[in-house]
Amino acid sequence: MPTTTEDLRARGLVHQVTDEALFERLDAGGLTVYAGFDPTADSLHIGHLLQLCTLRRLQLAGHRPIALAGGGTGMIGDPGGKSAERPLLSVEEIRSNVESIRGQLARFLDFDDAAGPTRALLLDNADWLSPLTVLEFLRDVGKNFTVNQMVAKESVRSRLERPDQGITYTEFSYMLLQAYDFARLNEDHGCTLQIGGSDQWGNITMGIELVHRRSGDKAYGLTSPLVTKADGTKFGKSESGNDRVWLDAGRTSPYRLYQFFLGVEDAMVGTYLRYFTYLDLDEITELDQATEQRPHERAAQRALAAAVVSLVHGESECARAQEASAALFSGRVATLDEATLLDVASEVPASTLAAARVADGVLLVDLLAETGLVASKGEARRAIEQNGAFVNDEVRPGLDALVTGDDLLHGRYVVLRRGKRSYHLVTVA
RNA sequence: GGAUCGGUGCCCGAGUGGCCAAAGGGAUCUGGCUGUAAACCAGACGGCUCAGCCUACGGGGGUUCGAAUCCCUCCCGGUCCA
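The rules behind each value
Within each chain, residues carry numbers counting from 1 in the order of the written sequence. Chains carry letters from A onward and ligands carry numbers from 1 onward, assigned in written order. Note on the predicted model: pLDDT of at least 70 is required for a residue's local features to be given, and 80 or more for side-chain atom pairs to be given and counted; whole-chain, interface and lining totals, by contrast, use all residues. The basis for every side-chain value is the complete set of non-hydrogen atoms in the structure, without hydrogens or water. Here a helix means four or more residues in a row that DSSP labels H or I, a strand means two or more in a row labelled E, and each is numbered from the N terminus. Throughout this description, buried means an accessible area under 20% of the type-specific maximum (1.4 Å probe, protein chains only), exposed means over 50%, and partly exposed covers the range between. We call two residues contacting when some pair of their heavy atoms lies within 4.5 Å. The convention is simple: Lys and Arg are positive, Asp and Glu are negative, and His and the chain ends are not counted. For the purpose of locating charges, the reference atoms are NZ of Lys, CZ of Arg, CG of Asp and CD of Glu. To qualify as a nonpolar core, a set must consist of buried Ala, Val, Leu, Ile, Met, Phe, Trp, Tyr and Cys residues joined through side-chain atoms within 4.5 Å. For two strands to count as paired, DSSP must find a minimum of two bridges between them. The rule is short: rings of Phe, Tyr and Trp, with Trp giving its six-membered ring, pair when the centres are within 6.5 Å, and they are stacked under 30 degrees, edge-to-face over 60, tilted in between. For a lysine, the NZ atom is tested; for an arginine, the CZ atom; a charge sits over a ring if that atom is within 6 Å of the ring centre and within 35 degrees of the ring normal.

Draft legend 1. Representation of the overall build of chain A. From N to C terminus, chain A includes 20 helices and 13 strands. Taking the principal axes of its C-alpha atoms as reference, chain A extends roughly 75 × 50 × 40 Å. Out of the 429 residues belonging to chain A, those deemed buried represent 49%. Of the contacts made within chain A by residues no fewer than 6 positions apart, 73% connect residues no fewer than 24 positions apart. Side-chain charges in chain A split into 44 positive and 60 negative, and the spacing between the mean points of these groups amounts to 4 Å.

The structure is reproduced here in structure tokens:
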């Protein structure tokens, strides 16, 4: 059984630490550790996954995690990682986003009283940032930092150096608010460790300094590496389009999430298994070997996808996603019995179509566009011309192709497909 | 408040009166090869009632036979000065 430190290191989760002495304390257990999540949308997405997984990992290792929803800082906007000033969300939006995110955090962390001293906490920094007055803030927080050091932070400097960009005072202040969060969590909950992505380094060190100045307490920071794809670009876009991959089932179905991880590149699957799963390192090593020796089996990708979907959506949803994947990629949707078809179809987008229209025959071009499988009729025509449009798993060439009663499966279903993996179920009613 | 530069398609970015639905790159999509991988090759990439038409170069107005390109005005951003 590896120590916590050994485990984190072996998984490649340690990018920077503020002090090596942290590791002894991590191995000893009993720390209170926090990570922040800004409520810029009503769901967390895959970009938050690493911090969520790491918090969970630390809880399992005997520490108490705090998930901090940025109800207050979300109103300001972190300049880090952004190339431009971002629009402010309304107070109502942020409030409702925080509420939505609460439920998702609960899937990763144990908030049950039975967890005793490691019971997770969910806090909202609006609780202490909202009542804070400007004067208090300037005297109690601002007085501890020089503009010189603030300007030197990467998040700010990158914005100052770009000739076509600037940074407002509002976003400039963000780091001070985050530093104040750490100080409050330290004072109110004994929190001494903040974790975050590598881009959070500057904000974290500011917090550590503020903690020290206010209470004399020694606090630590631990950052994880940026999660990237093999080519160095950002991880987390869905396989089709620019959509983010969300943790909310309504935005990204369990099936799509499963597919996302199933499609991970060989070169990265081992890394992701270490980041996002709780499999033993030995098991992961075996999966690495499996990828190398029998890559077509995609054993590592399957394990990764199953682990993540189970964690995010639960075992039964994961099983459904696996079944749907198997059925859809067998290429024989047309031969499925009705119950199986319906089960599979519940995982993909669906719509209904009036029976009268089918009787007359519907232009495939129109149908593709109406179902949203393509963005416009022009795109639908292109898909057809490129042999990328399928009806019940068969290519349907010709711009004048019709979908008629003959295409109905079990008398009332049509499975449309665009490309290799974008499905849509049409039910005739 | 003054001076000055700039705002082009998803992003970056060329284009300074007609040949501009707008170069080039990236991203994306589709097909091929594979393993629902990567790389690579090919094609596509504003919309439509698609050999034509409509909408589009920050917003509005104007000049012109004709404007992304010229003029006026407003909005937004950068830089410097006060």
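Okay, back to it.
Draft legend 2. A look at the nonpolar core. Residues Phe108, Leu193, Phe261, Tyr272, Phe276 and Leu304 are the most contacted members of the largest nonpolar core, which totals 56 residues. No other element matches the 8 residues that helix H15 (residues 299-313) contributes to this core. Aside from chain neighbours lying at most four places away, what touches Phe261 is Ile46, Leu49, Phe235, Phe276, Gln301, Leu304, Ala305 and Val308. Counting residues in each nonpolar core, the second largest holds 31 residues, with Leu123, Trp128, Tyr174 and Ala219 among its members.

Draft legend 3. Expanded view of the environment of Glu24. In this structure, Glu24 sits in helix H2 (residues 22-28). Since its relative accessible area comes to 64%, Glu24 is described here as exposed. Taking the C-alpha atoms as reference, Glu24 lies 33 Å from Gly72; in sequence the two are 48 residues apart.

Draft legend 4. Quick peek at the sheet that holds strand S13 (residues 422-428). Strand order in the open sheet formed by 5 strands is S7-S13-S12-S9-S10, and the pairing between neighbours is mixed. Each of the sheet's edge strands pairs with one partner strand only, and the pair in question is strand S7 (350-353) and strand S10 (394-395).

Draft legend 5. Highlighting the sheet that holds strand S2 (residues 32-37). Strand order across the open sheet formed by 6 strands is S1-S6-S5-S2-S3-S4, with mixed pairing between neighbours. Of all strands in the sheet, those bounded by a partner on one side alone are strand S1 (16-17) and strand S4 (121-124). As judged from the 2 bridges shared by S2 and strand S5 (residues 193-197), these two strands associate in the parallel manner. Pairing of Val33 across the sheet is with Leu193, part of S5.

Draft legend 6. How the structure looks around the packing of aromatic side chains. Across all of its chains, the model carries 10 aromatic pairs by this definition. Ring centres of Phe235 and Phe276 lie 5.9 Å apart, and the angle between their planes is 20°; on these two criteria the pair is classed as stacked. Of this pair, Phe235 sits in the loop between strand S6 (220-224) and helix H12 (254-262) while Phe276 sits in helix H13 (residues 266-276), and the two are 41 residues apart along the sequence. Comparing Phe235 with Phe276 shows no difference in burial state: the two are buried. Among the aromatic side chains, those forming a connected cluster through ring pairs are Phe235, Phe260, Phe261, Tyr272, Tyr275 and Phe276. The ring of Phe23 carries the charged tip of Arg9 above its face, separated from the ring centre by 4.2 Å. Across the ring face of Tyr278, the terminal group of Arg56 is positioned such that the distance to the ring centre comes to 5.0 Å.

Draft legend 7. Seen up close, unusual backbone geometry. Unusually for a residue other than glycine, Arg298 sits at a positive phi of about 55°. Tracing the chain through its elements places Arg298 in the loop between helix H14 (281-293) and H15. A relative accessible area of 29% means that Arg298 is categorised as partly exposed. The backbone phi angle of His410 is positive, close to 55°, even though this residue is not glycine. Mapped onto the secondary structure, His410 falls in the loop between strand S11 (402-403) and strand S12 (413-418). Residue classification places His410 among the partly exposed positions, given a relative accessible area of 37%.

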